[in-house]
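# A closer look at the structure
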Amino acid sequence: MALTDTVPAAAPPAHEGILRRQSLRESAARTYARSLPIVPVRARGLTIEGADGRRYLDCLSGAGTLALGHNHPVVLEAIRAVLDSGAPLHVLDLATPVKDAFTTELFATLPAELAESARVQFCGPAGTDAVEAAFKLVRTATGRDGLMAFSGAYHGMTADALAASGGAQRTGVVRLPYPYDYRCPFGVGGERGAELAARWTRSLLDDHKSGVPRPAGMILEPVQGEGGVIPAPDSWLRQMRELTASRQIPLIVDEVQTGVGRTGTFWAIERSGIVPDVLVLSKAIGGSLPLAVIVYREELDAWQPGAHAGTFRGNQLAMAAGAATLAYVRANGLAERAGELGGRMLARLEALAASHDCIGDVRGRGLMLGIELVDRDADADATGAHPADPRLAAAVQQACLDRGLIVELGGRHSAVVRLLPPLTITDEQADAILDRLADAVTAAVRTTPGPTGSSPTTLRGTTP
Ligand code: PMP
């Protein structure tokens with residue numbers, strides 16, 4: 001008789017069953033669930049606890065949503081207050097005190113020039129719906145159809161938002177070069193690369209034989225997030241503002257990921273001083289619950305009633321949680337804190353890169369940070385950039401998870417390890433994150449052969 005017949009097998013832990021059922025029942029299109037096989041049951045601030053009792057430092061933060069981390073007391077209190085008040089939770093787009101308070105708080109954060117004459121449209125609850133609304137708005141206002149967007153962009157998964165994203169397969173969108181210092185499309189990088197990128201855009205707009213009609217709008221991210229944490233130089237942003245303004249092309253800035261203090265200013269545009277015609281906002285503005293809006297200059301408000309409708313435009317809990325989050329970030333100077341702490345974390349990541357050949361580039365702004373992993377054994381291109389190494393990046397992500405650290409992957413080749421911690425983390429937590437990441441990079445390098453399979457990626461200074 002086999003041993004298994006006599007000894008009752010121990011029941012598998014509950015979390016294993018949940019994960020197994022997930023893989024059997026959920027769609028093949030699921031994403032984070034594949035690389036992060038954990039079952040969160042409790043969370044507070046930076047920390048998530050899994051059903052298996054393990055604790056993790058969460059630097060994914062709901063893909064950059066959790067400005068105040070998980071279950072911040074002011075957010076919970078705001079949600080409880082709505083629940084206890086007996087207010088209706090579903091109101092379509094009707095006026096409520098909760099919505100009124102959210103709108104007031106939101107307008108108080110906007111650049112004065114925009115706030116003076118701003119209109120807000122509450123959209124369906126995802127960032128991608130707000131992007132669609134922005135396109136519809138500018139198309140109606142200008143009577144034009146085409147759009148300009150940038151290589152490496154990410155704006156969402158619905159039809160037009162996807163068409164404006166870098167991974168689009170079919171598109172009526174004109175694609176422009178985004179200034180990517182490390183992999184500069186013009187082979188020069190830096191301010192010069194950004195200048196050439198701007199020049200290309202200008203020539204497309206001004207050359208009557210460029211084949212590019214004047215578009216209804218241009219959309220950009222001030223720091224590309226999913227594209228691999230690529231901050232745009234201020235001078236380039238100003239040029240895009242000038243180019244569009246002088247040609248009556250509405251400029252749409254997508255701050256879905258960069259907003260609410262993440263990059264060191266309340267809105268990322270503040271650093272360059274540009275004021276867009278349309279701001280697309282989601283993620284952190286809902287204080288961890290679904291909420292998306294566009295805020296725009298009132299001259300653009302030419303669309304008809306019902307032009308952009310949606311059943312779930314009135315999420316009262318999200319508006320309360322969002323208003324509390326916006327107010328807390330503002331009152332506690334969390335944007336400045338993100339800038340200052342992010343600067344120190346960036347310096348530590350640069351030190352890490354100095355001792356690890358496989359880190360080709362370190363970049364970021366505020367608490368939106370990334371390291372790009374590369375194959376040093378393969379030839380560098382003209383600018384000195386080596387090919388991206390997605391396998392090593394996946395190994396680093398796994399090694400981080402083994403060490404209780406959740407990180408996101410992004411970038412053109414999924415070779416950028418991204419950190420998006422809550423803006424509320426302490427210096428000690430920042431150190432713990434970087435200690436675990438450094439340890440994970442070292443471990444992943446030891447165990448991952450180079451993409452060619454021939455040579456392991458080397459630890460700079462420690463291996464021949
Ligand atoms: N724009 C940007 C800049 C984003 O980062 C994202 C989401 N990562 C979106 C739009 C789309 O938001 P959602 O996933 O809520 O549709």
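All values reported here derive from a predicted model rather than from experimental measurement.

About the thresholds
Every chain begins its residue count from 1, and numbering advances along the sequence as written. Totals for whole chains, interfaces and linings use every residue, but because this is a predicted model, local features are given only for residues with pLDDT of at least 70 and side-chain atom pairs only at 80 or more, for both listing and counting. Only heavy atoms go into the side-chain values, all of them from the structure, while hydrogens and water stay out. We call a residue near a molecule or strand when any one of its heavy atoms sits within 4 Å of it. Contacts described as polar in this section are N or O atom pairs within 3.5 Å, which, within protein, must combine one atom able to donate a hydrogen with one able to accept it, while residues neighboring in sequence count only if both atoms come from side chains. The accessible surface values rely on the Shrake-Rupley method and a 1.4 Å probe; as for residues, cover is taken only from the protein chains in view. Definitions used throughout: a 1 Å grid over protein atoms alone; a cavity as a set of points that fits a 1.4 Å probe which cannot get out; a pocket as an open set with protein on both sides within 12 Å along at least five of seven lines; a lining residue as one with an atom within 4 Å of a point. Criterion for pocket placement: a molecule counts as inside a cavity or pocket if more than half of its atoms are within 2 Å of its grid points. Under the scheme applied, nonpolar residues are Ala, Val, Leu, Ile, Met, Phe, Trp, Tyr, Cys and Pro; charged residues are Asp, Glu, Lys and Arg; polar residues are all the others, including Gly. Buried Ala, Val, Leu, Ile, Met, Phe, Trp, Tyr and Cys residues form a nonpolar core when they are joined through side-chain atoms within 4.5 Å. The buried label goes to any residue with under 20% of its type's maximum accessible area, the exposed label to any with over 50%, and the partly exposed label to all in between, with areas taken from a 1.4 Å probe on protein chains only. Where a domain begins and ends is set by an automatic assignment or by a domain database. Think of it this way: any DSSP run of H or I at least four residues long counts as a helix, any run of E at least two long counts as a strand, and we number them from the N terminus. Expected span, for any helix, means 1.5 Å times one less than how many residues it has. Grid points are joined across faces, edges and corners, and a volume is the space filled by probe spheres set on the points. Any Lys or Arg side-chain nitrogen found within 4 Å of a carboxyl oxygen on Asp or Glu counts as a salt bridge. We call two residues contacting when some pair of their heavy atoms lies within 4.5 Å. In this analysis, axes come from line fits to C-alpha atoms, helices being fitted only over the stretch in contact, and the angle between any two N-to-C directions falls in the range 0 to 180 degrees. For this classification, under 35 degrees means roughly parallel, over 145 means roughly antiparallel, 65 to 115 means roughly perpendicular, and everything else is oblique. Helix crossings are classified by the rotation of the near helix relative to the far one: an anticlockwise turn of less than a right angle makes the crossing left-handed, while a clockwise turn makes it right-handed. Think of it this way: a Phe, Tyr or Trp ring, Trp meaning its six-membered ring, pairs with another when their centres are within 6.5 Å, and the plane angle makes it stacked under 30 degrees, edge-to-face over 60, tilted otherwise.

## Observations regarding the site of the ligand
Around the ligand sit Ala-126, Gly-127, Thr-128, Tyr-154, His-155, Gly-156, Glu-221, Glu-226, Asp-254, Val-256, Gln-257 and Lys-283, and those are all the residues in its vicinity. Measuring from a nitrogen atom of the ligand, one finds a side-chain N or O atom of Glu-226 at 3.2 Å. At 2.8 Å from an oxygen atom of the ligand is found a side-chain nitrogen or oxygen belonging to Gln-257. Protein contact buries 84% of the 390 Å² of open area that the ligand shows by itself. The cavity that encloses the ligand is the largest pocket. Along the lines of polarity and charge, the residues of the shell around the ligand split into three nonpolar, five polar and four charged.

## Details of the nonpolar core
If you look at the biggest cluster of nonpolar residues, it comprises 101 residues, and the most contacted ones within it are Trp-236, Met-345 and Leu-437. Taken domain by domain, this core gets at least three of its residues from each of domain 1 (14-64 + 336-447) and domain 2 (74-331). In terms of nonpolar packing, the next biggest core, distinct from the first, is built from 25 residues, Phe-135, Ile-294, Leu-300 and Trp-303 among them.

## As for helix H14 (residues 390-402)
With 13 residues, H14 extends 18 Å from end C-alpha to end C-alpha; this agrees with the ideal 18 Å at 1.5 Å per step. Residues Leu-392, Ala-393, Val-396, Gln-397, Ala-399, Cys-400 and Leu-401 constitute the buried set of H14. Directly beyond the C-terminal end of H14, a positive phi value near 75 degrees is found at Gly-404.

## Regarding empty space enclosed by the protein
This model, assessed by the stated rule, comprises one cavity of 30 Å³ or more. The space that makes up the largest cavity amounts to roughly 40 Å³. Contributing to the lining of the largest cavity are Gly-64, Thr-65, Leu-66, Ala-67, Val-256, Gln-257, Gly-259, Val-260, Arg-262, Ala-284 and Leu-423.

## Concerning the environment of Asp-431
Here Asp-431 lies in helix H15 (residues 427-447). Linking Asp-431 and Arg-348, residues 83 residues apart in sequence, is a C-alpha distance of 9.2 Å. Only 3.4 Å separates the side chain of Asp-431 from the side chain of Arg-348, close enough to count as a polar contact.

## Concerning the pattern of salt bridges
Here the structure, examined in full by the defined rule, presents 26 salt bridges. For Glu-226, the salt bridge is made with Arg-418, and the minimal N-O distance between the two is 3.5 Å. In this pair, Glu-226 sits in the loop between strand E8 (223-224) and strand E9 (230-231) while Arg-418 sits in strand E17 (residues 416-419), placing the two residues 192 residues apart along the sequence. Judged by relative accessible area, Glu-226 falls into the partly exposed class, the value being 22%. The class for Arg-418 is buried, based on a relative accessible area of 0%. Among the salt bridges present, the one from Arg-348 reaches Asp-435, with a minimum N-O distance of 2.8 Å. Of the two residues, Arg-348 sits in helix H13 (residues 334-354) while Asp-435 sits in helix H15, which places them 87 residues apart along the sequence. Each of Glu-113, Arg-241, Asp-277 and Arg-297 takes part in salt bridges that share partners, so that together they form one network.

## Comments concerning the side chain of Thr-244
As for its placement among the helices and strands, Thr-244 is situated in helix H11 (residues 234-245). The exposure class of Thr-244 is buried, given its relative accessible area of 1%. Residues contacting Thr-244, with those up to four places away along its chain left out, are Met-218, Ile-249 and Leu-251.

## Some remarks on the packing of helix H10 (residues 190-206) against H11
For the pair H10 and H11, the least separation of the axes is 9 Å and the interaxial angle reads 15 degrees. Viewed along their axes, H10 and H11 adopt a mutual orientation that is roughly parallel. Handedness of the crossing formed by H10 with H11: right-handed. On the side of H10, the interface is formed by Glu-191, Ala-194, Glu-195, Ala-197, Ala-198, Thr-201 and Arg-202, while H11 contributes Ser-235, Trp-236, Gln-239, Met-240, Glu-242 and Leu-243.

## Observations regarding the side chain of Glu-372
Its location among the elements puts Glu-372 in strand E14 (residues 368-373). Among the polar contacts listed, one links the side chain of Glu-372 to the side chain of Tyr-180, at a separation of 2.7 Å. For Glu-372, the side chain forms a polar contact with the side chain of Arg-183, separated by 2.7 Å. Among all residues touching Glu-372, those that are not within four sequence positions of it are Tyr-180, Tyr-182, Arg-183, Cys-358, Ile-359, Gly-360, Asp-361, Arg-363, Ala-388, Ala-415 and Val-416.

## What about the layout of surface pockets?
Estimated volume of the largest pocket: approximately 1,200 Å³. What lines the largest pocket is a set of 47 residues, and nearest its centre among them are Tyr-32, Ala-63, Tyr-154, Glu-226 and Glu-408. Taken together, the elements giving at least two residues each to the lining of the largest pocket come down to helix H3 (32-35), helix H4 (61-64), helix H8 (127-142) and strand E16 (408-410). A class-by-class count of the residues in the lining of the largest pocket yields 18 nonpolar, 21 polar and eight charged. Two domains share the lining of the largest pocket, each providing at least three of its residues, namely domain 1 (14-64 + 336-447) and domain 2 (74-331). Put simply, the second largest pocket is a space of about 370 Å³.

## Comments concerning the packing of aromatic side chains
All chains considered together, the criterion is met by six aromatic pairs. Judged by centre distance (6.1 Å) and plane angle (70 degrees), the ring pair of Phe-150 and Tyr-178 falls under edge-to-face. In this pair, Phe-150 sits in strand E5 (residues 147-150) while Tyr-178 sits in the loop between strand E6 (173-176) and H10, placing the two residues 28 residues apart along the sequence. Exposure remark for Phe-150: the relative accessible area of 1% places this residue in the buried category. Where Tyr-296 meets Trp-303, the ring centres are 6.2 Å apart and the plane angle is 85 degrees; that geometry is what we call edge-to-face.

## A look at the packing of H13 against H15
Viewed as axis vectors pointing N to C, H13 and H15 meet at an angle of 25 degrees, and their least axial separation amounts to 11 Å. Accordingly, the angle class assigned to the pair H13 and H15 is roughly parallel. You can see that H13 and H15 cross each other, and the crossing is right-handed. Across the interface between the two elements, Arg-337, Leu-341, Arg-344, Met-345, Arg-348, Leu-349 and Leu-352 of H13 pack against Asp-427, Ala-430, Asp-431, Ile-433, Leu-434, Asp-435, Leu-437, Ala-438 and Val-441 of H15. By residue class, the composition of the contact of H13 with H15 is ten nonpolar, no polar and six charged.

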